[in-house]
Amino acid sequence: MRLSDVLPADIEPPPGAHSIKVTGITAASAAVGHGAIFAGLPGSKVDGAAYIPEALARGASVIIVGKGKGVAVPNGVTLIEVDNPRAALAKIAAKFAGRQPRCAVAVTGTSGKTSVADFTRQIFTSLGHKAASVGTIGIVKPDGAVYGSLTTPDPVTLHATLAALADEGVTHLAFEASSHGLDQNRLDGVELTAAAFTNLGRDHMDYHPTEEAYLNAKIRLFTELLRAGQPAAINMDGARSADVAAVAKARGLRVLTVGALGETLKRTSLTRDGFQQRIGILSEGRHCEVRLPLVGAYQAENALVAAGLAIATGEKTDAVLAALSNLKGVPGRLEIIGERNGGLAVVDYAHKPEALAAALDACRPFVTGRLISVFGCGGDRDKGKRPIMGRISVEKADVTIITDDNPRTEDAAAIRSEILKGAAGAREIGNRAEAVATAVRMMQPGDVVLIAGKGHETGQIVGDRILPFSDHEEVRRALES
Ligand SMILES: CC(=O)N[C@H]1[C@@H](OP(=O)(O)OP(=O)(O)OC[C@H]2O[C@@H](n3ccc(=O)[nH]c3=O)[C@H](O)[C@@H]2O)O[C@H](CO)[C@@H](O)[C@@H]1O[C@H](C)C(=O)N[C@@H](C)C(=O)N[C@H](CCC(=O)O)C(=O)O
Ligand SMILES: Nc1ncnc2c1ncn2[C@@H]1O[C@H](COP(=O)(O)OP(=O)(O)OP(=O)(O)O)[C@@H](O)[C@H]1O
Ligand SMILES: N[C@H](CCC[C@H](N)C(=O)O)C(=O)O
Ligand SMILES: [Mg+2]
C-alpha cells in the first residue's frame, strides 16, 4: 500500500512521501520486515525509539515517533513525528487490516468485562448472527476458542484478528476494553458500534497513579472512541456508573441504562431458583420475568448489561431478553465443578477486592454449613489489594485458606504474609494444589468451597516460567480422591 493510503486523516505525510510503498506496521523492532513502518513507542520498561537503528537494519522505510525526540534518520527513510505515536500505530494498523466485523461492541469496567463480552456473543449468536468475542479468555468464535495472553491485544494483533474474523464471516464482535488497552490507545483504530460500562472497583493500582486516572482511562471509551449519537449501555448499579452516564450524556451519546437503578432495562426483582435465577424486568412500560440459568447476583447484573448492549446495536428487546434464558456460564466464573460429601466446589476468577466480595456473596445462599474460601494474590501486581482481600475473605467466609496465585518474580511467602495481615485466623498453605485438596477434603454436608483467583487459567507463573496448573483439574482430582 502507499503511505498516504494508511495514514489517518490527522497525519500528513512529509512532502514527496505520499506514494512510498509500505508493507506493514509494527512497534516491535524484531518484527520489522522490508518496507515496514516502525513505531517507536515510549514504553513502561524501555523507549522504543532506542530500537530505531535495529528497525532500520531490518529494512524499515518509515519511522513514526513522538514529537520532540530529536530522532534523525538516514536519507531515503521517512520520519514522521506525531503527538501520539500509540494512537497513530492503532489507526494505521486498522488501515492495513482494512476490515473488521461490521458490528463491534466494547465492554469496560473493573469486573464483569469477560462475562458481558461472552454473554453478548451468546445473545448475538442466538439471534442468528455469526458472532465472536475477544478478551481475557481469548478469541471465542463459532468454530472454537484460541487463547490470547492479553485482555485487549496490541493494535497490530487486534486488527489482524478482526480482519481474520471478518474473513471467516463473523459479523458481530464483542470485546473487552481493559484500562491498559484504553490508556495505551490499543483500541483507537476499531470502528465501534456501541460500548458498555459495568462498574469501578480497585484494580491495577500498580499501573494507574490514582483511582481517578484509572476511571479516566475507562471513560476514554465513551468520550474519545464512541462518536456523538452512538449508544452506550451502562449498569447503573455499579460504583461510579452515575459519573460515567453523565460523561456519556455530555458527550451526546445515546445512553441506555440497566439494573435496579436503570431505565431501559429496569430490574424490578431478582429471585434465586435452585441453580437458576429469575429476573423481573420493566422495559418500554411492560413487565416481564426472565429465567437466567446461572448462579450469582453478579451474573444477573452482567446479563442485563449484555442485553442492554445488544439492544443498543438495534436488536429487538423481546428477542434479546428471550435469549438470556439460554445463556451458558463463562469458564471459570462461578463455575460449579462438582460435589463431594454433600458439599459444593466452585471455581471463580475473583482476583480483586470487589470481585472476591461478589463471588463470596454469590456462594453464601448455597451454604447451610461453612463457606470455605481459598485464594492468593498475584506477584508483580498491586500490593495494596492484598490485606484488603484478606479482610474480605475472613469477614465473608467461615474458613479462609491463603495460598499462591502467580507469584511471578516476587517471593510467594511474602505475598501470603501481606494478605495474612488483613486475614486474622486464616490458614496458610502455599502450595495451591495442596490448598485446594485440603479445602475439598474438609467439605461436610452443606459446605461450599470457593477457589478464587485463577478461573480459566491453565498455568501458575513462578519467576518467568509458567508451570501447568488448573484449578478445575485440581478440584476434580480432589473431588474424586
Ligand atoms: C504494562 C503494559 O501494559 N505493557 C504492555 C506494553 O508494553 P510497553 O509498551 O510498556 O513495552 P516496553 O517493553 O516498555 O517497550 C516499549 C516499546 O519498545 C519496543 N521494543 C522493546 C524491546 C525491543 O527489543 N524492541 C522494541 O521494539 C516494544 O515493542 C514497545 O513498543 O505494550 C505491549 C504491546 O502491546 C504489551 O505486550 C505489554 O503488556 C505486558 C506484557 C503486560 O503484562 N500487560 C498487562 C499488564 C496488561 O496489559 N493487562 C491488561 C489488563 C488485564 C485485565 O484487567 O483483564 C490487558 O489488556 O491484558
Ligand atoms: N458485575 C460484577 N460485579 C462484581 N464482581 C464481578 C462482576 N462480574 C464479575 N465479577 C467478579 O469478577 C471476576 C471476573 O469476572 P470477569 O472475568 O467477567 O471480569 P473482567 O472484568 O473481565 O475481569 P479481568 O479484568 O480480570 O479480566 C468474576 O469471577 C467475579 O468474581
Ligand atoms: N489480567 C490480570 C489477571 C490476574 C489474574 C490473577 N490470577 C493474578 O495473577 O493476579 C493481570 O494480569 O493482572
Ligand atoms: Mg476480562
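Definitions and limits used
- Residues numbered from 1 in each chain as written.
- Chains lettered and ligands numbered in written order.
- Predicted model: local features only at pLDDT ≥ 70, side-chain atom pairs only at ≥ 80, totals over all residues.
- UniProt positions renumbered as here; feature names shortened; annotations may be inferred.
- Helix = DSSP H or I, 4+ residues; strand = E, 2+ residues; numbered from the N terminus.
- Rg over C-alpha atoms; globule rule 2.2 N^0.38 Å.
- Buried ≥ 20, exposed ≤ 12 C-beta atoms within 10 Å, placed from the backbone.
- Contact = placed C-beta atoms within 7 Å.
- Domains from an automatic or database assignment.
- Nonpolar A, V, L, I, M, F, W, Y, C, P; charged D, E, K, R; others polar.
- Pairing = 2+ DSSP bridges.
- Axes fitted to C-alpha atoms, helices over the stretch in contact; angles between N-to-C directions.
- Parallel < 35°, antiparallel > 145°, perpendicular 65-115°, else oblique.
- Left-handed = near helix turned anticlockwise from the far one by under 90°.
- Near = placed C-beta within 6 Å.
- Core = buried A, V, L, I, M, F, W, Y, C linked by C-beta atoms within 7 Å.
- Expected span 1.5 Å × (residues − 1).

As recorded in an unreviewed UniProt entry, the protein chain goes by the name UDP-N-acetylmuramoyl-L-alanyl-D-glutamate--2,6-diaminopimelate ligase, listed as coming from Hyphomicrobium denitrificans 1NES1. Quoted verbatim from the Pathway (unreviewed entry) field of UniProt, the annotation for the protein chain is "Cell wall biogenesis; peptidoglycan biosynthesis."

On to the overall build of the protein chain, then. Within the protein chain, the secondary structure is distributed over 15 helices and 23 strands. For 481 residues, the compact-globule formula gives about 23 Å, and the C-alpha radius of gyration of the protein chain, at 24 Å, lands near that figure. Overall size of the protein chain, expressed as C-alpha extent along the three principal axes, is 75 × 55 × 40 Å. Within the span of the protein chain, comprising 481 residues, buried residues form 52% of the whole. Counted over contacts in the protein chain with a minimum sequence separation of 6, partners at least 24 positions apart contribute 68%.

Below, the discussion takes up the environment of K130. By the secondary structure assignment, K130 is in the loop between α4 (113–126) and β6 (131–135). Here the alpha-carbon distance between K130 and H351, two residues 221 residues apart in the chain, equals 32 Å. The residues contacting K130, other than those within four sequence positions of it, are P142, G169, V170, T171 and H172.

So, on to the domain arrangement of the protein chain. According to the domain assignment, the protein chain contains domain 1 (3–95), domain 2 (98–326) and domain 3 (335–480). The straight-line distance from the C-alpha centre of domain 1 to that of domain 2 is 33 Å. On the side of domain 2, 11 residues touch domain 1, which itself brings 11 residues to the contact. Mapped by element, the contributors of at least two residues to the side of domain 1 that touches domain 2 are β1 (24–26) and α3 (85–97). Among the elements that take part in the side of domain 1 that touches domain 2, α3 stands out by supplying eight residues, more than any other. Its residues assigned to classes, the side of domain 1 that touches domain 2 shows six nonpolar, two polar and three charged.

This part is about the environment of H159. Within the secondary structure, H159 is located in helix α5 (residues 155–167). Looking at H159, the number of C-beta atoms within 10 Å reads 26, which means it is buried. Residues contacting H159, with those up to four places away along its chain left out, are A93, A94, A97 and G189.

Bringing the sheet that holds β1 into the picture now. Across the sheet, which stays open at both edges, the four strands sit in the order β1-β2-β3-β4 with parallel pairing between neighbours. Since the sheet does not close on itself, it has two edges, and those belong to β1 and β4 (78–82), each with one partner. Taken pair by pair, the neighbouring strands of this sheet meet at an average axis angle of 20 degrees, ignoring direction. Two elements, strand β2 (residues 36–39) and strand β3 (residues 62–66), share three bridges in a ladder whose sense is parallel. What sits directly across from A39, in β3, is I64. Sheet strands in contact with α3 are β1, β2, β3 and β4, and its direction is about 150 degrees off that of β1.

Moving on to unusual backbone geometry. Of note in this structure, H204 is not a glycine but carries a positive phi near 55 degrees. Its place among the elements puts H204 in the loop between β10 (194–197) and α7 (211–225). In the Ramachandran plot, E284 falls in the positive-phi region, its phi being about 50 degrees despite a non-glycine side chain. Mapped onto the elements of the fold, E284 is located in the loop between β14 (276–283) and β15 (286–292). The exposed category is assigned to E284, around which 8 C-beta atoms lie within 10 Å.

It is at 9 Å that the axes of α3 and α5 come closest, and there the two elements cross at 25 degrees. As the angle between them shows, α3 and α5 are arranged roughly parallel. Between α3 and α5 the crossing geometry is right-handed. Here L89, A90, A93, A94 and A97 of α3 come into contact with α5, specifically with P155, V156, H159, A160, L162 and A163. Among the residues forming the contact of α3 with α5, the class breakdown is 10 nonpolar, one polar and no charged.

What follows deals with the site of ligand 1. Residues in close proximity to ligand 1 total 18 residues, the closest being G43, S44, G48, D154 and S178. For the shell around ligand 1, the per-class residue count stands at six nonpolar, 10 polar and two charged. Taken together, domain 1 (3–95) and domain 2 (98–326) each give at least three residues to the shell around ligand 1, which thus spans both.

What follows covers the nonpolar core. Within the largest apolar cluster, 143 residues are counted, with the highest numbers of intra-cluster contacts made by A196, A232, A307, A359, V374, V449 and L450. Broken down by element, this core gets its largest block of residues, 11 residues, from helix α9 (residues 297–312). The residues touching L450, leaving out its near neighbours within four places in the chain, are V346, D348, A359, L360, C363, L371, S373 and V374.

Let's shift gears to the pairing of β15. Along any regular strand, the residues point their side chains to alternate faces of the sheet. By the bridge criterion, seven bridges tie β14 to β15 in an arrangement that is antiparallel. Bridging across to β15, I281 finds its partner in C288. Where β14 folds back on β15, the antiparallel hairpin that results is connected by two residues, among which E284 adopts a positive phi of roughly 50 degrees.

Taking 1.5 Å per residue, 13 residues should reach 18 Å; α3 reaches 18 Å between its end C-alpha atoms and fits that length. Looking only at α3, the buried set comprises P85, R86, A87, A88, L89, A90, K91, I92, A93 and A94. Those residues of α3 hidden inside the fold are in contact with α1 (3–6), β1, β2, β3, β4 and α5. Looking one or two residues beyond α3, the residue adopting positive phi is G98, at roughly 75 degrees.

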